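Residues per chain are reported as follows:
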Amino acid sequence: MRVSVGLVLTVLSTPAVLADSLLPVPSGQPVELSNVLLDDNPGELWVRFRFVAPKIGSTVGRITYDVAVVDMAHLCETLAVPYVAQHKLEPARVVISFSDRALDFGATDPDTTQFFEAYRLEDARCIWEGL
């Protein structure tokens, strides 16, 4: 997968990121912003917020998708909406992704758990679009 805009915005460019780099989410799991990508490869601007959430997974004792999806919606509202407004972006979609370990954009690893959700922004709110 190619990020044709070629722009990776770092964690430091986001004022909503906490000093200790872990972000508060409803589940209480540790979540850290890995990077923000501006991607026009789908034919329109998608802003991708990529997070490392080391406790996600489908095995007993892990944070499952049904819990993580609430955290992703929360991060869309509390981090993505202000970020998009601050940078005066007009994305067609905002994608929130969780990975249990750092992984290059577009890379796959059968041992890595990843969850994704897509939203459209409307009136400074995240509306779930699904992927």
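What this report covers is the structure whose coordinates are included nearby.

Conventions used here
Residues numbered from 1 in each chain as written. Predicted model: local features only at pLDDT ≥ 70, side-chain atom pairs only at ≥ 80, totals over all residues. Heavy atoms only, no water. Helix = DSSP H or I, 4+ residues; strand = E, 2+ residues; numbered from the N terminus. Phe/Tyr/Trp six-rings, centres within 6.5 Å; stacked < 30°, edge-to-face > 60°. Buried < 20%, exposed > 50% of the residue type's maximum accessible area, 1.4 Å probe, protein only. Disulfide = S-S within 2.5 Å.

## Observations concerning unusual backbone geometry
Positive phi, normally seen in glycine, also occurs at D123, with a value near 55°. Mapped onto the elements of the fold, D123 is located in the loop between β5 (114-122) and β6 (125-128). Phi angles above zero are rare outside glycine, and A124 is one such case at about 60°. Note that A124 resides in the loop between β5 and β6.

## Some words on the packing of aromatic side chains
One pass over the full model with this rule turns up 3 aromatic pairs. For the pair F49 and Y83, a centre-to-centre distance of 5.3 Å together with 85° between the ring planes defines the contact as edge-to-face. Of this pair, F49 sits in strand β3 (residues 46-52) while Y83 sits in helix α1 (residues 65-86), and the two are 34 residues apart along the sequence. Judged by relative accessible area, which is 0%, F49 ranks as buried. On the numbers, 5.6 Å between centres and 80° between planes, the contact of Y65 with F115 is edge-to-face. With a gap of 50 residues between them, Y65 in helix α1 and F115 in strand β5 connect regions that are remote in the sequence. Residue F115 is classed as buried on the basis of its relative accessible area, which comes to 12%.

## Quick notes on the state of the cysteines
With the rule as written, the count across this model stands at 1 disulfide. Put simply, C76 and C126 are joined by a disulfide, and their sulfur atoms are 2.0 Å apart. Here the disulfide of C76 and C126 is left-handed, its torsion about the S-S bond being about -90°. Here C76, found in helix α1, pairs with C126, found in strand β6; they are 50 residues apart in sequence, far enough to count as distant. Take C76: its relative accessible area is 0%, and that puts it in the buried class.

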